[in-house]
Amino acid sequence: MEIKDLKPEAGSTHSRKRVGRGPASGSGKTAGRGMNGQKSRAGGGKGAGFEGGQTPLARRLPKLPGFRNPNRVEYLAVNVKTLNEKFEAGETVDETTLFDKGITKHSDTPVKILGDGDISKALTVKVAKISASAKSKIEAVGGKVEEPC
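Residues numbered from 1 in each chain as written. Predicted model: local features only at pLDDT ≥ 70, side-chain atom pairs only at ≥ 80, totals over all residues. Heavy atoms only, no water.

Peer 1: Is there a simple way to explain the packing of aromatic side chains in this structure?
Peer 2: Centre distance and the angle of the planes are the two values used to describe a pair of aromatic rings. Under the counting rule described, the total for this entry stands at zero aromatic pairs. Against the face of F87 rests K101, its NZ or CZ located 5.0 Å from the ring centre. (Phe/Tyr/Trp six-rings, centres within 6.5 Å; stacked < 30°, edge-to-face > 60°. Lys NZ or Arg CZ within 6 Å of the ring centre and 35° of its normal.)

Shown next as structure tokens:
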């Protein structure tokens, strides 16, 4: 059997009804639309969302409040316990090394180091932002926090 041999089941398909093709066709002249009225005309009928003349739901509901800042910078949060697990002592932590270790999905993602967990390795941290608790934990074990933090 090939694709060319496939045919629909007998009686499952119907030919298209051709309306407006003369009185002998059975659906000529008004083409099954009746005599007069909105629905008999081309483009007639009510649009989607028409509610019989009452104010539509889309106009009754208020618009969303506030606004979205187009210049907002989203930082990816990375905790010090993750740095302790993924990095060896003396390594440098920045956006590219975090990407190489599989912590971030993109090498240019801005990162903020947070202070959840403990750290026991001295690391050099060069990321976009760092919390005060994370900075104190890293410096307490002999690590360095460099700008632009």
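Peer 1: Sorry, what's going on with the pairing of strand β3 (residues 111-114) here?
Peer 2: If a strand is regular, its side chains alternate between the two faces of the sheet. Because side chains alternate across β3, one face comprises the buried residues V111 and I113, and the other comprises K112 and L114, none of which is buried. Where strand β1 (residues 76-79) and β3 come together, four bridges link them in parallel fashion. Opposite V78, over in β3, you have I113 as the bridge partner. (Buried < 20%, exposed > 50% of the residue type's maximum accessible area, 1.4 Å probe, protein only. Helix = DSSP H or I, 4+ residues; strand = E, 2+ residues; numbered from the N terminus. Pairing = 2+ DSSP bridges.)

Peer 1: Would you explain the pattern of salt bridges in this entry?
Peer 2: Close approach of charged atoms lets side chains of opposite charge pair. Under the definition given, this model contains seven salt bridges. Note that E74 and R72 form a salt bridge whose closest N and O atoms lie 2.8 Å from each other. Exposure class is identical for E74 and R72. Each is exposed. E146 is paired through a salt bridge with K126; the nearest N and O atoms lie 3.6 Å apart. Taken together, the positions of E146 in the segment after β6 (144-145) and K126 in the loop between β4 (124-125) and β5 (129-130) put the pair 20 residues apart, joining distant regions of the chain. For K126, a relative accessible area of 34% gives the class partly exposed. (Salt bridge = Lys/Arg side-chain N within 4 Å of Asp/Glu carboxyl O.)

Peer 1: What should I look at first to understand the nonpolar core in this one?
Peer 2: Considering soluble globular proteins, one finds that nonpolar side chains tend to be buried as a cluster. Ranked by internal contacts, the top residues of the largest apolar core, which has 17 residues, are L83, L98, I113 and I138. At the level of elements, α2 (80-86), β3 and α4 (132-140) are the ones that each hand at least two residues to this core. Sequence-distant contacts of L83, that is, excluding residues within four places in its chain, are made with V78, V93, L98, I113 and L123. (Core = buried A, V, L, I, M, F, W, Y, C linked by side-chain atoms within 4.5 Å. Contact = heavy atoms within 4.5 Å.)

Peer 1: How should I be thinking about the sheet that holds β3 in this particular structure?
Peer 2: Backbone hydrogen bonds hold the strands of a sheet together, and the pairing may be parallel or antiparallel. Reading across from one edge, β1-β3-β5 is the order of the three strands in this open sheet, with parallel pairing throughout. In this open sheet, the two edge strands, each paired with only one partner strand, are β1 and β5. Pairing of β3 with β5 involves two bridges; the strand directions are parallel. For K112, the partnering residue across the bridge sits in β5 and is K129.

Peer 1: Quick question: what am I supposed to make of unusual backbone geometry here?
Peer 2: Working note: non-glycine residues mostly have negative phi, and peptide bonds are mostly trans. Despite not being glycine, K29 shows a phi value in the positive range, around 50 degrees. Taking the relative accessible area as the measure of exposure, K29 reaches 74% and is therefore exposed. The phi dihedral of A31 is positive, around 60 degrees, even though this residue is not glycine. With respect to the helices and strands, the residue A31 is situated in the segment before α1 (57-60).

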